[in-house]
Amino acid sequence: MLNRIRKKMTSAQETEFETDNVYTILPPPGTVIGEATKEEMDKAAELEIRHMAFLRLQDMYIEFDGSSYKELLKDFQEFEIDSSNFWRDIARRLAIPYEWPIRVDHANGPIYIGENDIAAEEIEED
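Here is a short report on the structure shown in this document. Everything numeric here is computed off the predicted structure, so don't read it as measured data.

## Quick notes on the overall build of the chain
Along the backbone of the chain there are three helices and five strands. Walking the chain from its N terminus toward its C terminus, one meets helices and strands in the order β-β-β-α-α-β-β-α. Accessible surface for the chain amounts to roughly 9200 Å². Of this, 51% is attributable to carbon and sulfur atoms.

## Describing the layout of surface pockets
Considered as a void within the structure, the largest pocket measures approximately 390 Å³ in volume. The wall of the largest pocket is formed by 17 residues, among which Glu48, Ser83, Trp87, Ile102 and Arg103 lie closest to the centre. Elements represented by at least two residues in the lining of the largest pocket include exactly helix H1 (38-59), helix H2 (66-94) and strand E4 (102-104). For the lining of the largest pocket, the element with the highest residue contribution is H2, accounting for five residues.

## Some words on H1
Taking 1.5 Å per residue as the helical rise, H1 with its 22 residues ought to reach 32 Å, and the 32 Å between its terminal C-alpha atoms agrees with that figure. Residues of H1 that are buried include every one of Glu40, Met41, Ala44, Ala45, Leu47 and Phe54, and no others. Considering only its buried residues, H1 is in contact with strand E3 (32-35), H2, E4 and strand E5 (110-113). Just past H1, the residue Tyr61 takes up positive phi, approximately 55°.

## Describing H2
Between its first and last C-alpha atoms H2 spans 42 Å; for 29 residues at 1.5 Å apiece the expected length is 42 Å, and the two agree. Taken residue by residue, H2 has Leu72, Phe79, Ser83, Phe86, Ile90, Ala91 and Leu94 as its buried positions. Two residues or fewer past H2, Ala95 is found with a positive phi of approximately 55°.

## Considering the pattern of salt bridges
Pairing is possible between side chains that carry opposite charge, provided their charged atoms lie close to one another. A complete count under the given rule lists eight salt bridges for this structure. The salt bridge involving Arg103 is made with Glu48; its shortest N-O contact spans 3.6 Å. In this pair, Arg103 is assigned in strand E4 and Glu48 in helix H1, connecting sequence segments 55 residues apart. On the basis of relative accessible area, Arg103 is assigned to the partly exposed category, the value being 35%. When its relative accessible area of 26% is taken as the criterion, Glu48 is described as partly exposed. Here Arg50 ties to Asp82 by a salt bridge, and the two come within 2.8 Å at their closest N and O atoms. Remark: Asp82 occurs in helix H2 and Arg50 occurs in helix H1; sequence separation between them is 32 residues. Each of Lys43, Glu46, Arg50 and Asp82 takes part in one network of salt bridges that share partners.

Analysis parameters
- Residues numbered from 1 in each chain as written.
- Predicted model: local features only at pLDDT ≥ 70, side-chain atom pairs only at ≥ 80, totals over all residues.
- Heavy atoms only, no water.
- Helix = DSSP H or I, 4+ residues; strand = E, 2+ residues; numbered from the N terminus.
- Areas by Shrake-Rupley, 256 points an atom, 1.4 Å probe, with all protein chains shown as cover.
- 1 Å grid on protein atoms, 1.4 Å probe; cavity = no way out; pocket = protein on both sides within 12 Å on 5 of 7 lines; lining within 4 Å.
- Points joined across faces, edges and corners; volume = space filled by probe spheres on them.
- Expected span 1.5 Å × (residues − 1).
- Buried < 20%, exposed > 50% of the residue type's maximum accessible area, 1.4 Å probe, protein only.
- Contact = heavy atoms within 4.5 Å.
- Salt bridge = Lys/Arg side-chain N within 4 Å of Asp/Glu carboxyl O.

See the structure below:
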C-alpha cells in the first residue's frame, strides 16, 4: 500500500511524493522544514521542561509507595498524551509523517529534522 506524502514547497505550489517507506524521503538532520508559531514554541519549551524533570527524577533512584507511584504514573501518562498530541498537530500542519524525528527550536522558531538512527546508518554506509 502506498502512502501519499504532501510537502508544501511554497504557498502557491505543492509537490506530492508517493512512497512505500516514509523514511526514504526523510531529509538529513538539521534541515529546517517549517516555522513554529509563538504558541508552538511555548508548548515545545513546556514539554522539554517536563521531559527533563522526569529524566532527573528517574536518575534520583527514589522509592515510592503505591499511591505515590500511581500519581507519578498518571503524570507520565499525561505528559505522553500532551507530547503526542503536540507533535501530531505539528506533523499534520507541515504535512509530514508523524514518525519523522522533528524538533522545535523553542527560542527562535525553526522546526527541523533532529538527529536520528536512519541518518547515522547512511553515514556509516558511505
